[in-house]
Amino acid sequence: HPVTGNDPDDWLALADALYDASIDVSDGGQAIPIIWGVDAVHGHNNVRGATVFPHNIGLGAAGDPDLLERIAQVTAREVLATGVEWTFAPTLAVARNVRWGRTYESYSEDPEIHRELAGEMVRGLQGAAVGEDFFANGTIVATAKHFIGDGGTAAGVDQGDNRACEQDLRDIHGPGYVVAIEAGVQ
């Protein structure tokens, strides 16, 4: 059952069909419910009518953590409306080389900006980790991605080697991940 377009109803129909197939035991198989994730790093941009927000580089430059939480809340509701319950966001790569082709996915080259924004994005997507808001209606699963150090690869090669020492991985590339984990990222 392919998605025939980028219409929200097509996405919802596909999500329902995939879920139904994953729990179908009519052939004697085991029911294993799926969870479907999408790359909604600046809104649910694959779907017609969804709100498309600036990429992380623009959001980092805005310097408004509360704005990120509100953006994440809107994104979560729009993703959930298409039957999807998981997003591959936020991207927490600290871009350290302008030749890296994914610099726009980074909030900043400054790890402190990632520290300020990562938790807001996670809370907006999932709700606050402590209390009744955690995975309440209108929230989805967040992902801290990609891998620690991916924004600091040698010569800016995408998916290349990060040759940083342990201290730089911790102090430069790690702060956003630590905050995301503290915020309950799944």
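Residues numbered from 1 in each chain as written. Predicted model: local features only at pLDDT ≥ 70, side-chain atom pairs only at ≥ 80, totals over all residues. Heavy atoms only, no water.

Visitor: Describe the nonpolar core, naming the residues involved and giving the relevant values.
Guide: Nonpolar side chains tend toward joint burial in soluble globular proteins. Formed by 32 residues in total, the largest nonpolar core has its most connected members in Trp-36, Val-38, Tyr-107 and Leu-125. Looking at this core, the elements with two or more residues in it are α1 (8–22), α3 (65–80), α4 (111–126) and α6 (175–182). (Core = buried A, V, L, I, M, F, W, Y, C linked by side-chain atoms within 4.5 Å. Buried < 20%, exposed > 50% of the residue type's maximum accessible area, 1.4 Å probe, protein only. Helix = DSSP H or I, 4+ residues; strand = E, 2+ residues; numbered from the N terminus.)

Visitor: Account for α6, with residues named and values stated.
Guide: Buried within α6 are the following residues: Pro-175, Gly-176, Tyr-177, Val-179 and Ala-180. Against the buried residues of α6 lie α4 and α5 (166–173). The positive-phi residue at the C-terminal boundary of α6 is Gly-184, with phi of around 95°. (Contact = heavy atoms within 4.5 Å.)

Visitor: Requested: an account of the packing of α4 against α6, with residues and values cited.
Guide: Here α4 crosses α6 at 25°, and the two axes come no closer than 7 Å. By the angle between their directions, the pair α4 and α6 is classed as roughly parallel. Judged by the twist between their axes, the crossing of α4 over α6 is right-handed. Here Pro-111, His-114, Arg-115, Ala-118, Gly-119 and Val-122 of α4 come into contact with α6, specifically with Pro-175, Gly-176, Val-179 and Ala-180. (Axes fitted to C-alpha atoms, helices over the stretch in contact; angles between N-to-C directions. Parallel < 35°, antiparallel > 145°, perpendicular 65-115°, else oblique. Left-handed = near helix turned anticlockwise from the far one by under 90°.)

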